[in-house]
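Given next are the chains, with one letter for each unit.
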Amino acid sequence: MQERDGHPPVIFALASGLSRAAIAVMRLSGAGTGRIVESLTGRLPAPRRASLRGLWRRDGAEPVLLDRALVLWFPGPDSYTGEDSAELHLHAGPAVINAVADTLVALGARPAEPGEFTRRAFAHGRMDLMQAEGIADLIDAETEAQRQQALAQVDGAQSQLYQKWADRLRTFLAHQEALIDFPDEELPPEVERGLLDGMRVLHDTMQTYLAEGAGAERLRRGLVFAIVGEPNVGKSSLLNALAGRDAAIVSSRAGTTRDAIEVRMVLGDVPVTLVDTAGLRETDDEIEAEGVRRSLFHVKQADCVVQVFTGDVVPEPVEGNSLLVCNKTDLYHAPEGTIGISVLTHSGMDVLRTVLADRARALTSGRAAAPFTRARHRAALEETVHHIGRALDMNWPEMRGEEMRLAMRALGRLTGAVDVEALLDTVFGQFCIGK
């Protein structure tokens, strides 16, 4: 990042995106923002109050009016990024946006990179890494459940829990250091017993949290439900019925579906991708055989398998989490313990939708307070638990202390307390431009 006068350059981006709209919000941040706004408008508006101003380009003999816009000025550190910032609420025509952007570049600003505003907010202590990720999840939220989960993360629910665990680890480490530094001072034996008991409680608490919190990670990414079965049992017809549109080709000819067809929908306030797969059977057709192979792959990857069949004989479940759905109940009687439907007459479809919604809610629910939401979180927590467990197994005080330090480092990576530049690049690279 190039600097201007010892400070990072002013950055700008459309915070409102590029879709057709009446208003476009151009966001600026950096130490020179006030100078740029003064050049555009003549003088700074009062902080945090919208002012209608003309925006002017002043690089020629005569100033050129670019737009009349609402201008907001946010002097640092009381801004989103912690830096001097501003917003220009422009008319959203492409010509207006391009003219203002060109003028900002001429005045020394540069277009922002993905997530750069939020990264600067993190760098200035306006939020920790967990809260920054929560903002990204809030922007991407498709359902009410995802919105609530992301908002809790933005508000610091996870950060507070992990900080409490970090404080306990720090206290344990201090006690362990005392045992190392004063071995001949005849410290009471209950000091070490209390230390080990406290570490076991924390270890068990974190293990329980990991076991109970996986549902939030699934809620954030959404679920995958694979529809499988033999050819001509009505898999594609079921996909179309659940999607409410003709997403898959339906034919009486066996082997019509050769590749997986995906449809995104919401079940039980959870985003779910339904995958219609090729019929499972032995075949000499090279293309159909590849479709069968891909079907089996989707079975292994799916959070839930909807196994469709027809007739009175219940097939062997292809996976332990299979929901057995008997189609064509207008022709056959659904065996006991299966879900009977007829895609043709719509019989049983409401029951099946309810069962699928219940399964989606069950897979994304959990009893953990402030649950983790990303694979990165899970990996860091598992590493923390691993080092605490190793510390409990150590008889040498120095080795135990080292394992506790490694546990603290792993936990610190969750909130960004440990400076890992590559980790920051990965996290903030997921953001949209302007955030």
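Our subject is the structure that appears above.
Here's a quick rundown of the structure. Model, not experiment: these values are computed from the prediction.

A word on helix 5 (residues 144–154)
Note on helix geometry: an α-helix contains 3.6 residues per turn, so any two residues three or four positions apart are oriented the same way. Within the span of helix 5, buried status applies to Gln 146, Gln 149, Ala 150 and Gln 153. Around the axis of helix 5, the buried residues are gathered within 95° of arc, so they sit on the same side. Trailing helix 5 by a residue or two, Gly 156 shows a phi angle of about 95°, which is positive.

Quick look at the side chain of Arg 376
With respect to the secondary-structure elements, Arg 376 resides in helix 12 (residues 375–393). A distance of 2.9 Å separates a polar atom in the side chain of Arg 376 from the backbone oxygen of Arg 413. Separated by 3.0 Å, the side chain of Arg 376 and the backbone oxygen of Leu 414 make a polar contact.

Points about the pattern of salt bridges
Evaluation of the coordinates by the stated rule reveals 20 salt bridges. Here Arg 120 ties to Glu 83 by a salt bridge, and the two come within 3.1 Å at their closest N and O atoms. Pair noted here: Arg 120 is in helix 3 (residues 116–123) and Glu 83 is in the loop between strand 4 (64–74) and strand 5 (85–91), with a separation of 37 residues, a long-range link. Accessibility expressed as a relative area gives 5% for Arg 120, which makes it buried. Using a relative accessible area of 9% as the deciding quantity, one classes Glu 83 as buried. One salt bridge in this structure joins Arg 147 and Glu 144, with 2.5 Å as the shortest N-O distance. Residue Arg 147 and its partner Glu 144 are both found in helix 5; the two are separated by three residues, about one turn of the helix. A residue is classified by how much of its surface remains accessible, and Glu 144, at 35% relative accessible area, is partly exposed. Within this structure, Glu 133, Asp 137, Arg 220, Arg 374 and Arg 376 form a network of salt bridges that share partners.

Quick look at the pairing of strand 9 (residues 270–276)
Looking along a regular strand, one sees side chains alternate from face to face of the sheet. Summarising burial for strand 9: seven of the seven residues are buried, a large majority. By the bridge criterion, five bridges tie strand 7 (residues 223–229) to strand 9 in an arrangement that is parallel. Within the sheet, the bridge partner assigned to Leu 223 lies in strand 9 and is Val 272. Bridge count for strand 8 (residues 261–267) against strand 9 is seven bridges, and the pairing is antiparallel.

Some words on unusual backbone geometry
Following Gly 76, the chain continues to Pro 77 via a peptide bond in cis, the omega torsion being 5°. With a phi close to 65°, Asp 269 is a non-glycine residue in the positive phi region. Secondary-structure assignment places Asp 269 in the loop between strand 8 and strand 9. The exposure class assigned to Asp 269 is partly exposed, which follows from its relative accessible area of 30%. One non-glycine residue with positive phi stands out, namely Ala 370, at about 50°. Within the secondary structure, Ala 370 is located in the loop between helix 11 (349–364) and helix 12.

As for the sheet that holds strand 6 (residues 110–111)
With respect to topology, six strands assemble into an open sheet ordered 3-4-5-2-1-6, the strand pairing being mixed. At either margin of the open sheet sits one strand with a lone partner, and together these are strand 3 (51–57) and strand 6. Sheet topology places strand 4 next to strand 5; five bridges connect them, and they run antiparallel. Across the sheet, Leu 70 pairs through a bridge with His 89, a residue of strand 5. Sheet strands touched by helix 1 (residues 33–41): strand 2 (23–29), strand 3, strand 4 and strand 5. Its angle to strand 3, the strand with the most contacts, is close to 85°. Across the sheet, helix 3 lies against strand 1 (11–14), strand 2 and strand 6, angled at about 135° from strand 1, the strand it touches most.

Conventions adopted
- Residues numbered from 1 in each chain as written.
- Predicted model: local features only at pLDDT ≥ 70, side-chain atom pairs only at ≥ 80, totals over all residues.
- Heavy atoms only, no water.
- Buried < 20%, exposed > 50% of the residue type's maximum accessible area, 1.4 Å probe, protein only.
- Helix = DSSP H or I, 4+ residues; strand = E, 2+ residues; numbered from the N terminus.
- Arc of directions from axis to C-beta.
- Polar contact = N/O pair within 3.5 Å; in protein donor to acceptor, adjacent residues only side chain to side chain.
- Salt bridge = Lys/Arg side-chain N within 4 Å of Asp/Glu carboxyl O.
- Pairing = 2+ DSSP bridges.
- Contact = heavy atoms within 4.5 Å.
- Axes fitted to C-alpha atoms, helices over the stretch in contact; angles between N-to-C directions.

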